[in-house]
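# Per-entry structural report
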Amino acid sequence: MACMQRVQKSVAVRGEQQVASAAAILPRLAAKPLLAGRPAVAEASSLLFVGRAARQQLKATAAPPAPASSSMPNKANTGRPRALISLSDKTNLDMLVKGLAELGIDIVSTGGTATAIQNAGVPCVKVEDVTGFPEMLDGRVKTLHPAVHGGILAVRDKPEHMAAIAQHNIGTIDLVIVNLYPFRKTVTAEPAPAFEVGVENIDIGGPAMIRAAAKNMAHVAVVVDPADYGELLQKLQSGGEEELGALRKRLAWKAFQHCSAYDAQVSEWLWGQVGSGPAPQMTVPLQLAQTLRYGENPHQPAAFYTDSSLREANAGGVATSVVHWGKEMSYNNYLDADAAYQCCCDYTEPTCVIVKHTNPCGIASRTDLREAYRLAVRADPISAFGGIVAFNRPVDAELAREIREFRSPQDNETRMFYEIVIAPSYTPEGLEVLKGKSKNLRILEAKPRAPSGTSLRQVAGGWLVQDADSLAPEGITFNCVSVAQPTEKQLEDLKFAWRAVKHVKSNAITIAKDGRLLGMGSGQPNRVNSVRIALEKSGAEVAGSVLASDAFFPFSWGDSVEIACKAGVAAIVHPGGSLRDQDAVDCCNKYGVVLLTTGVRHFRH
């Protein structure tokens, strides 16, 4: 008993000394409460004030902590506001802790974060000195303790809560600044880590603290993003209670969303380890990248999000592109750029693709990309004007100059206008030349990405999920079902046209020759009209060309197949599978046209 009395006396004296120390440190800060719902006079550990008047009130009303019902030590229970900091991402940590110290806020921290804070010259108390327990179980248990969670979750204006934590010598924790183990980075590394490594990178204590602080948003501020440190410090120093309350609520929303995204990634990884087929439940973590001016039309608000799913890690594509130049991207720009780049990256040869309204209107493959670009424009110069130009090889100065100076084949005078140029990279000289074309031309650089991964599409009240159409001609067997056999050159062109047709909206027809698109028909409710449009665009060059259809021909005589044969098409490829497939064979045999089937359909809706 005498020993206990001496401990209590020592705690009381130390508490008075620390309150006096706080008064000496903060002579210049304006007085104001930082947390809502605090009583005007309360136990010292339940107050969070800065400023001269607040310090005077704190000194006048501070009392030593109530006698503990246990022997649990709590070295940080000083009566001053406390922040608990535990970070994997230590970006801007120096700025944060120095700002908190200037505000007279004590810091409690864990492991490597505590070491980093001390190295910054800012004192902090280790969490084990608050809990009275060392870190346990290889770090699995650090902060899972009533001295931490009681301090976070206590409702400051509930006397029974304050009495309960006082009974156990628990001080309040007023700021929780935590981010989580880098799970996504760990499990998407190459080579893939062992299952046990992934499991050990599932954070437990961090989400528990974040959720606890977010739930008690009326009294506790929780920060999970280093980008919010500056605003937090500014509001703590000069914001009013209304501003601080609004900030706490917004940070709480962000905290719950942060945990939700983290849990979605853990769930995705674990299903990939133990599950098969579609997951019974799925959450897709999205990160706002840009608020757009509008959607497809000016009356539709819109935004662009990047996908933080594990399956998208290092996958490339338009979502992670760098915009080097030009106006901000629009909703339609993203759709068109994605269609152009996926089509272009689907080709293995050096290729240029031009897209308008998500449909390729020009495609050409050549060793010389300048020639590929010119041929792609000539396929449909009217549609190419105002379109998106994509390359699957770097853009150098010569190619950039060709893009900048090329005149429309319509009149050989008008410079071609484009919304976007996208490529895997640019030489410094090429980038500067291309910038000279227009101040509005958007110049994008993106990691190459052919169709791959999982495709999600929304319908009213639900989502459709499928694997992307990544099947390339190299993975397909082309069966000749006609008397006439394809030449090697015709087979190359048929594969070129077949690769193109899967990027055209159904009903889709592509006509090609010599590694370039001559014409395409897209989006027609009936296939024969798509054939007529593709033939019209091909013009006189149709003689000796090849034609690809994304689905079988339901009719042949007097319909799609015969119309194509009469126009001069030399070879046709389609999936086959119609009840009238033999009609297509007989028709092609009559006109001496090659007919191939693939057994693969490429619908695109």
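Residues numbered from 1 in each chain as written. Predicted model: local features only at pLDDT ≥ 70, side-chain atom pairs only at ≥ 80, totals over all residues. Heavy atoms only, no water.

### A short note on the nonpolar core
- One finds Tyr-341, Ile-363, Ile-420, Ile-422, Trp-498 and Val-573 to be the most contacted residues of the largest nonpolar core, which totals 43 residues.
- Looking at which element gives the most residues to this core, the answer is helix H13 (residues 331-345), with eight residues.
- With sequence-adjacent residues up to four places away left out, Val-573 is seen in contact with Phe-478, Leu-494, Trp-498, Leu-547, Ala-548, Ser-549, Leu-596 and Thr-598.
- Of all hydrophobic cores here, the second largest spans 29 residues; its members include Ala-364, Ala-400, Phe-406 and Leu-441. (Core = buried A, V, L, I, M, F, W, Y, C linked by side-chain atoms within 4.5 Å. Buried < 20%, exposed > 50% of the residue type's maximum accessible area, 1.4 Å probe, protein only. Helix = DSSP H or I, 4+ residues; strand = E, 2+ residues; numbered from the N terminus. Contact = heavy atoms within 4.5 Å.)

### Focus on the packing of aromatic side chains
- In this structure the tally under the stated criterion is ten aromatic pairs.
- Ring geometry for Phe-183 and Trp-269: centres 5.6 Å apart, planes at 85 degrees, overall edge-to-face. Note that Phe-183 is positioned in helix H8 (residues 183-187) and Trp-269 in helix H12 (residues 241-274), a separation of 86 residues in sequence. Each of the two residues, Phe-183 as well as Trp-269, counts as buried.
- Pairing Phe-304 with Tyr-334 gives two aromatic rings, centres 3.9 Å apart and planes at 15 degrees, and the pair type is stacked. Residue Phe-304 is found in strand E9 (residues 302-307), and its partner Tyr-334 is found in helix H13; the two are separated by 30 residues along the sequence. Across the pair, exposure class does not vary: Phe-304 and Tyr-334 are buried alike.
- The rings of Phe-183, Phe-195, Tyr-262 and Trp-269 are connected pair by pair, giving a single aromatic cluster.
- One residue, Arg-499, lies across the ring of Tyr-347, its end atom 5.4 Å from the ring centre. (Phe/Tyr/Trp six-rings, centres within 6.5 Å; stacked < 30°, edge-to-face > 60°. Lys NZ or Arg CZ within 6 Å of the ring centre and 35° of its normal.)

### Topic: the side chain of Asn-392
- Structurally, the position occupied by Asn-392 is in the loop between strand E13 (387-391) and helix H16 (397-405).
- A polar contact is formed between the side chain of Asn-392 and the backbone oxygen of Tyr-347, at a distance of 3.0 Å.
- A distance of 2.8 Å separates the side chain of Asn-392 from the backbone oxygen of Glu-349, its partner in a polar contact.
- If we skip the residues at most four places from it in the chain, Asn-392 touches Cys-344, Cys-345, Tyr-347, Glu-349, Pro-350, Thr-351 and Pro-424. (Polar contact = N/O pair within 3.5 Å; in protein donor to acceptor, adjacent residues only side chain to side chain.)

### Section: a nonpolar patch on the surface
- A cluster of nonpolar side chains, namely Phe-133, Met-136 and Leu-137, defines an oily patch on the protein surface of about 300 Å² accessible area.
- Secondary-structure assignment places Phe-133 in the loop between helix H5 (127-131) and helix H6 (146-153).
- Classification of Phe-133 by relative accessible area gives partly exposed; the value is 47%. (Patch = residues over 30% accessible without salt bridge, like charges linked within 9 Å, V, L, I, M, F, W, Y side chains within 5 Å. Areas by Shrake-Rupley, 256 points an atom, 1.4 Å probe, with all protein chains shown as cover. Salt bridge = Lys/Arg side-chain N within 4 Å of Asp/Glu carboxyl O.)

### Observations regarding the environment of Asn-216
- Mapped onto the secondary structure, Asn-216 falls in the loop between helix H10 (205-215) and strand E7 (221-223).
- For Asn-216, a relative accessible area of 6% corresponds to the buried category.
- With 62 residues separating them along the chain, Asn-216 and Ala-154 place their C-alpha atoms 7.8 Å apart.
- Excluding residues within four positions of it along the chain, Asn-216 makes contact with Ile-152, Leu-153, Ala-154, Val-155 and Arg-156.

### Some points on the packing of helix H11 (residues 229-238) against H12
- Packing of H11 against H12 leaves a shortest axis separation of 10 Å and a crossing angle of 155 degrees. With respect to their mutual orientation, H11 and H12 come out roughly antiparallel. You can see that H11 and H12 cross each other, and the crossing is left-handed. Residues Glu-231, Leu-232, Lys-235 and Leu-236 of H11 touch H12, and the partners they reach there are Glu-243, Leu-244, Leu-247 and Arg-250.
- Among the residues making up the contact of H11 with H12, the classes are represented as four nonpolar, no polar and four charged. (Axes fitted to C-alpha atoms, helices over the stretch in contact; angles between N-to-C directions. Parallel < 35°, antiparallel > 145°, perpendicular 65-115°, else oblique. Left-handed = near helix turned anticlockwise from the far one by under 90°. Nonpolar A, V, L, I, M, F, W, Y, C, P; charged D, E, K, R; others polar.)

### What about the confidence of the model for the protein chain?
- Looking at the protein chain as a whole, the pLDDT averages 87, with 87% of positions reaching at least 70.
- Confidence drops under a pLDDT of 50 for residues 1-76, and excluding neighbours within four residues, the segment shows 138 contacts in the predicted structure. (pLDDT = per-residue confidence, 0-100.)

### Some thoughts on the sheet that holds strand E5 (residues 125-126)
- One open sheet holds the five strands; their spatial order is E5-E4-E3-E6-E7, and the pairing between them is parallel. Of all the strands in the sheet, the pair left with one neighbour each is E5 and E7.
- Of the pairings in the sheet, the one linking strand E6 (residues 175-178) to E7 comprises three bridges and is parallel in character. Counterpart to Leu-175 in the pairing with E7 is Ala-221. (Pairing = 2+ DSSP bridges.)

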